Structure formats: structure tokens, C-alpha cells
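# Reading the structure
Residues per chain are reported as follows:
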Amino acid sequence: MPEPNNKGLQSPIFKASRFSVAPMLDWTDRHCRFFHRLITKRALLYTEMVTTGALIHGDHHRFMQFNAIENPLAFQLGGSNPRELASCAKMVEDYGYMEVNLNVGCPSDRVQNGRFGACLMAEPDLVAECVAAMSQAVVIPVTVKSRIGIDERDSYQELVHFITTVASAGCLTFIVHARKAWLSGLSPKENREVPPLRHEVVYQLKKDFPQLTIILNGGITSLNQAEEMLKNVDGVMMGREAYHNPYILADVDKRIFGASSDPISRYAIVALLIPYIQQQLKAGARLNSISRHILGLFHGEPGARAWRRTISENVSKSGADENVILEALKFTTQRL
């Protein structure tokens, strides 16, 4: 196994990981991340998972391009070949990302067929070899996102063995989804809902591995809940709640990071988004590729349904532009 390179693994980026938005396939693309960054300046954002094959054999720039405003930003890789992962990790670093994360938690059939994702929890030595190769190739932190177990291999002892083995290769930060994954019989959606949440397992990991950065993922739906969890772990990662109710991120900087500034208003977010939409449309982007991420901005507010309906009904019409968003805004209590 290659010797691990521990340089940079105690980077200030981990201050941002006190609160992060989870990598979500088909959701956390560059437009989504730009939008989220308008709401929170300090939370750590993640790309969607991208496979090593897509970067090596495909149009890597399409997957890796991002706006500098998105930082602090981490890139999530899927793969199991140490040499390929090391090569891709170097690409990630060269593009200016602040962290590279290895996916050892996704349970979908497509991921398993490629021998990466949650099925790798059954091969901790291979994961360690991958981490060692990646951390030897880059200076930025190499982190791992996993489950608490898979199938019947879900004992705490097996989880400890996995963490110990991978940490010995140079990984000092683990993002742990507090559910086990069933590799067959459940859809990816069911794997996010059916296996019971066991936050206490992740809390115990932090007690047993105080030298590691342990970040809890799974079932976090409020900042009150996140603050309570932070008494037991180093960071929390919010997923679908942050996507469907994005304005929840507006209080993150003040409540989680201690910022003195007041949260940005929904009005200000839309005002900042309009020039971005104009720029992206001129560059050839479709309005829907941006607007689909902002449908939940007025979640729970008067006019939220009309906001969503106006955007959804008009976004695909010929000539649709930023005026669709401005028209939808008229149905809310916000005004530009």
C-alpha cells in the first residue's frame, strides 16, 4: 500500500465542515451550489458524486467547472481503483476544490455494478489503499463518506474496523450517514428512509476516535436539531431538507458559525440571482437548469405555491428568461 500523505488534512476547510450540504445526485450541480452560496457564506458545499470513469474518459471540464463564489467547496468521487482515484484527486485539486471526498455510502445498483459506493464498506483494505493513493497525490484533504454498515455486516465492531483501517491510510475525516444500507431489496430512496436512523452510533464513534473529525449525516431537518447534534460530533451534514427548504440555510452562518451579520432576505437572494441567470442564459444554459433549484425558496411563506406554479408553468416556454422569476415573485410578499 502506498504511504499516506497527511499534508493538509488539518486544513481550515474543516471549520466549514461544522455544517455542510450533502452531495446529492442530480441536485447539487453548479447552479444549485451558486444558489446555496447566496444564502450561506460559510457552510461547506459538495458536488454531486462523479465517477472516475466520467472524468478520465469523458468531458471532465463539464463535471468539474464551478464558480469561485461556491467555495468552500468539496468534490465527491466514486471509484475503487487507487491509481484512477489518485489521478482524479489531482484533477480535483488542480481545479481549485478544497477537499476531495470518496463515496463509500451510495447503495444504488448502478454504483455497486461499478464496485464503488456502499459496497466498498465490505472491503476496508481496498478503501484504505484508495485513500492512501489519493492523499499521496494531493495536498487538499481526502475524506470518506460512508454508512454505519451494510446488510448484515452492521455491528459496531465492524464499523470500528472500517474506520480504523481507513484512518491508518491517512483519512482524518469521516462523514457518516447514520443508517446502514441494504445492497439489495431497497431502492436508493428507500435506503434513505427504511433503515432506522442510529445517531447514537455516530456519537459513539466520536467518543472512541476523538482524534478524528466525525461528521453526522442523516435525518437532519432543523437547525435546532443540528445544534444539539454538534454537542456530540464535529460537524453535521444536511441533505434533502436544505434542498427542498433552502432558506433554512440563511440562519446557518449566525447560529452554527457565530457570524454577526443578519441572515440575507429572500428578496436579496432573488436580486442576486437575476444577474447570474442572465449571464448563464447568454452562455447557453436553459432556465430550467437553474430555476428547478429555487422552487422551495418560499417554503412555508405566503405565495409559495403560486411562486412554484408560475415558474413551473412558464420555464419551458419559448424565450423564457429571468422575467419568469420576476413574475413569480409578484405572488409572494417579497418585491424587487
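That block above? That's the structure.
Scope of this entry: the structure provided in the associated data block. Given the structure is predicted, the values throughout are model-derived calculations rather than measurements.

On to the pairing of strand β2 (residues 45-51), then. Judged by how many residues are buried, β2 sits mostly within the fold: 6 of 7 residues are covered. Examined bridge by bridge, β2 and strand β3 (residues 73-78) share 5 bridges and lie parallel to one another. By the bridge assignment for β3, Val50 is matched with Leu77.

Before going further, it helps to spend a moment on the pairing of strand β5 (residues 142-147). Along β5, 6 of the 6 residues are buried, which leaves the element largely enclosed by surrounding structure. Of the two faces of β5, the one carrying Val142, Val144 and Ser146 and the one carrying Thr143, Lys145 and Arg147 are both buried. Judged from the 5 bridges that link them, strand β4 (residues 99-104) and β5 form a sheet pairing that is parallel. Residue pairing in the sheet places Leu102 in a bridge with Val144 of β5. As paired elements, β5 and strand β6 (residues 173-177) share 4 bridges and run parallel to each other.

Turning to helix α8 (residues 156-167), a few remarks are in order. Since the α-helix turns once every 3.6 residues, residues separated by three or four places project in the same direction. Spanning 12 residues, α8 covers 16 Å between terminal C-alpha atoms, matching the ideal 16 Å at 1.5 Å per step. If you check which residues of α8 are buried, you get Leu159, Phe162, Ile163, Thr165, Val166 and Ala167. In this fold, the buried residues of α8 make contact with β4, α7 (124-137), β5, β6 and α10 (199-208).

With their axes 8 Å apart at the nearest point, helix α16 (residues 304-314) and helix α17 (residues 322-329) run at an angle of 155° to one another. It follows from the interaxial angle that α16 and α17 lie roughly antiparallel. Taken as a pair, α16 and α17 cross one another with a handedness that is right-handed. Contact residues: α16 offers Trp307, Thr310, Ile311 and Asn314, while α17 offers Val324, Ile325, Glu327, Ala328 and Leu329. Its residues placed into classes, the contact of α16 with α17 shows 6 nonpolar, 2 polar and 1 charged.

Quick notes on the rules
- Residues numbered from 1 in each chain as written.
- Predicted model: local features only at pLDDT ≥ 70, side-chain atom pairs only at ≥ 80, totals over all residues.
- Heavy atoms only, no water.
- Buried < 20%, exposed > 50% of the residue type's maximum accessible area, 1.4 Å probe, protein only.
- Helix = DSSP H or I, 4+ residues; strand = E, 2+ residues; numbered from the N terminus.
- Pairing = 2+ DSSP bridges.
- Expected span 1.5 Å × (residues − 1).
- Contact = heavy atoms within 4.5 Å.
- Axes fitted to C-alpha atoms, helices over the stretch in contact; angles between N-to-C directions.
- Parallel < 35°, antiparallel > 145°, perpendicular 65-115°, else oblique.
- Left-handed = near helix turned anticlockwise from the far one by under 90°.
- Nonpolar A, V, L, I, M, F, W, Y, C, P; charged D, E, K, R; others polar.

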